[in-house]
Structure formats: structure tokens, C-alpha cells
Amino acid sequence: GNSVTQMEGPVTLSEEAFLTINCTYTATGYPSLFWYVQYPGEGLQLLLKATKADDKGSNKGFEATYRKETTSFHLEKGSVQVSDSAVYFCALLYSSASKIIFGSGTRLSIRP
Amino acid sequence: NAGVTQTPKFQVLKTGQSMTLQCAQDMNHNSMYWYRQDPGMGLRLIYYSASEGTTDKGEVPNGYNVSRLNKREFSLRLESAAPSQTSVYFCASSGDRKETQYFGPGTRLLVL
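Scope of this entry: the structure provided in the associated data block. Note that the structure is a prediction, hence the values are computed from the model and not measured.

With that out of the way, let us pick up the interface of chain B and chain A. With 18 residues of chain B at the interface, the matching set in chain A holds 18 residues. The junction of chain B with chain A conceals about 1,400 Å² of combined surface from both sides, 59% of it contributed by carbon and sulfur atoms. Looking at the side of chain B facing chain A, the largest losses of area belong to Leu43(B), Glu99(B) and Phe103(B), adding up to 34% of the total buried there. Our enumeration of links across chain B and chain A arrives at two residue pairs in polar contact (both at pLDDT 80 or more). Contributing elements (two or more residues each) for the side of chain B that touches chain A: strand 4 (31–38) and strand 5 (42–49) of chain B. At four residues, strand 5 of chain B tops the list of elements feeding residues into the side of chain B that touches chain A.

Moving on to the environment of Arg108(B). Residues and elements named next belong to chain B. Mapped onto the fold, Arg108 is located in strand 11 (residues 107–111). For Arg108 and Tyr33, which are 75 residues apart along the polypeptide, the C-alpha to C-alpha distance reads 17 Å. Those residues in contact with Arg108, other than ones at most four positions away along the chain, are Lys9, Phe10, Gln11, Ser87 and Val88.

Let us look at the pairing of strand 7 (residues 56–59) of chain A. Bridge analysis of strand 7 of chain A against strand 8 (residues 62–65) of chain A gives four bridges, and the strand direction is antiparallel. Across the sheet, residue Asn59(A) finds its bridge partner in strand 8 of chain A, namely Phe62(A).

Scoring rules and cut-offs
- Residues numbered from 1 in each chain as written.
- Chains lettered and ligands numbered in written order.
- Predicted model: local features only at pLDDT ≥ 70, side-chain atom pairs only at ≥ 80, totals over all residues.
- Heavy atoms only, no water.
- Contact = heavy atoms within 4.5 Å.
- Buried area = accessible area lost by both parts, 1.4 Å probe.
- Polar contact = N/O pair within 3.5 Å; in protein donor to acceptor, adjacent residues only side chain to side chain.
- Helix = DSSP H or I, 4+ residues; strand = E, 2+ residues; numbered from the N terminus.
- Pairing = 2+ DSSP bridges.

Right, dumping it as C-alpha cells:
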């Protein structure tokens, strides 16, 4: 079936460090891929998305590229800030489906 | 524009008690969802409603019932609470662009 696997956390980095959170997916066909972010005490919110192979989603300095050949959608940011501390969820949606499949989430903590 | 609202924010129940979690959205969205979030498990879909008058089971529907009261409201009922239902419950909604789900702030439920 369709599934999403992301690196386990927690991930702890110093401010201004480079961030990568790995995400791979299993799906037949061509799903859309997303990263959602959950700040402390809040619900999830969409961070970025990519709908086809080689698309790059970007928002708030974060980027992720849809790699069909490696079935991956890794999240990157060149210089993290304390305010980026949150839980990040990779997710996929099939065009014919009405529900999103979420990964288990990766907790990110940034030290000042 | 409140987005997605959930009540209550926090609830403590004894095993066997019943309760209803309320969710409402003011974005005129057709689709609404109930998730539970447990440590290390990410978000798991309990039930969803693709449109007013329809509901479907998600990944973990056992022990829950739902009602799509109207287009705005989607409630989740626990008829006989169990400690395994201790979790954080999130309601979400989406419009035609199903990849963008809008989440409520969550309800933290503790079953003793």
C-alpha cells in the first residue's frame, strides 16, 4: 500500500546550521507530496508541496524536491532558526483519493 | 475568520464514560477529517467525510462514531472510552484542493 517513511527524531541543531530531514515514500503511480509543520501547542499547517516529479516546493526558506527515481522528498533549509523548532510531517496524496497519508513526524529542536 | 475550531481543548474521562468532540469550520469546505496523534505514530485517520451527508472509515475507526451534522460541523463520539483512546485529537477540513488540509488546535483527551 501507500506509505511514507521519515527519519526518526528528535533532531537537535544549533542556530544557523544546515537542516535535512529525510522522507521516502511507497506508492504506485504519481502522488502529490507535502511537508506539514506543527508548532508547539498547535495543529498542523501546510509548509510546502510538490505535485509532480522534479518539482521543487519552497516556503519560509525550506525546500524539498520531488525525486521519482529515489522516491524521496527530503526537507532542507540552509540556516535554521530557533523559531523553526517544531514537528515536521512528510505526507502524500493520491489524486484519486480524498485523504492524505502522513509520516510519523520528526521533532526538530534548534539551540540558540 | 476562525478557520477550524474544536471543543473542548482538554478533557479527562473515566473508563466507560462517553463524550463527543465537536469540530466546526467556516471555510465552506466539503471535506472534513478526524485524526488522532500518538507519540511515535504520527497522525492516524479515524474517520472522514468527503461531503455533507457522507462519512467513511479511516485507518483506526474502532471505538468511534462520527456525525456530519451539516457542512460546517463534524463531531466525533466515544461511546465507551478506554485508556487506549488517550490521545490528542485533531479535526481538519479541506476544499477542492485536498492537499491543503486546515487543522484545528486539537483536543487533548485523557482516559483513566
